[in-house]
Amino acid sequence: MKQTFSILIILLTFQMSFACNCGKFRTFISASKDSDLVIKAKVLKHNYYNRQRQSVSKEEVDETEFFGHSILVEVLEIIKGQETRKTFEIYGGSEWKYASDCKMKIDGIEIDKTYIFSLYQSIESKHSQPNENKGDYSLYACQESYIEFINETKAVKGVLKGKNLDKERMIPYEKLKNKITFYNNGYNSLRLNSYSEFNFCLLSFCYGGKNPADFSATKS
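Report on the accompanying structure. These numbers were taken from a predicted model, which means no experiment stands behind them.

1. Structural notes on the overall build of the protein
- Each helix and strand counted, the protein has three helices and twelve strands in total.
- Out of the 220 residues belonging to the protein, those deemed buried represent 45%.
- Within the structure as shown, the protein displays about 12000 Å² of accessible surface, and the carbon and sulfur contribution to it stands at 53%.

If you want it as structure tokens, here you go:
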């Protein structure tokens, strides 16, 4: 019994060493203030990469190993930021079962659906997922990084704003765009020099900055 308890403590400590401490979770409109790119985009496909950077099917993935997971999207409209490509990849969270990085998992994103994405430019480093390059983007886990676009009503669905994270609401898409423009070009410009909410820690190492995309826990 004592030996079993010791093993559980070791495993828990090992998992926590890769944990991403979010602090305050940010809803979509608030998160857009620090995003590099906010787009309306259609999801074309899910991509999976093994540790050798080879493209594999979901069925071929060994879930006990670290692997890359991205979605290929087609840009329909740019709400904030600059991007000339019509299609590119967005990387989600590490799927390796012993790791918890600071990217949002993307399993629930559906092919052929349209979403509004709040994105960060990927940083190519030793922490990158297989095939993730600096020209790609990623979704930050500690915020509402994507919301659904309802084509029939030209509205968006998500938490969007407020403190009640269990409450979803729907607002017109044009209204969402106006709010993001207001926060980024008006109200937010008065605050950025003196106030930053975007801080997170990985174990004992803390980072307070704009772009969380570089920080991934990988198997050594």
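2. Some remarks on the pairing of strand E5 (residues 87-91)
- Along E5, four of the five residues are buried, which leaves the element largely enclosed by surrounding structure.
- The pairing of strand E4 (residues 68-80) with E5 spans five bridges and is classified as antiparallel. Paired with Glu74 across the bridge in E5 is Thr87.
- In this structure, the hairpin formed by E4 and E5 is closed by a connection of six residues, where Gly81 is found at a positive phi of approximately 95°.

3. With respect to unusual backbone geometry
- Despite not being glycine, Arg53 shows a phi value in the positive range, around 70°.
- Tracing the backbone through its elements, the reader meets Arg53 in the loop between strand E2 (37-49) and strand E3 (55-56).
- The phi dihedral of Asp112 is positive, around 75°, even though this residue is not glycine.

4. Section: the side chain of Asn131
- Topologically, Asn131 is positioned in the loop between strand E6 (114-121) and strand E7 (137-138).
- Asn131 sits in the buried class, given a relative accessible area of 19%.
- A polar atom in the side chain of Asn131 sits 3.1 Å from the backbone oxygen of Arg53.
- Residue contacts for Asn131: discarding those within four places in its chain leaves Tyr49, Arg53, Tyr91 and Asp136.

Reading guide: rules and limits
Residues numbered from 1 in each chain as written. Predicted model: local features only at pLDDT ≥ 70, side-chain atom pairs only at ≥ 80, totals over all residues. Heavy atoms only, no water. Helix = DSSP H or I, 4+ residues; strand = E, 2+ residues; numbered from the N terminus. Buried < 20%, exposed > 50% of the residue type's maximum accessible area, 1.4 Å probe, protein only. Areas by Shrake-Rupley, 256 points an atom, 1.4 Å probe, with all protein chains shown as cover. Pairing = 2+ DSSP bridges. Polar contact = N/O pair within 3.5 Å; in protein donor to acceptor, adjacent residues only side chain to side chain. Contact = heavy atoms within 4.5 Å.

Coordinates in, geometry out; function isn't part of it.
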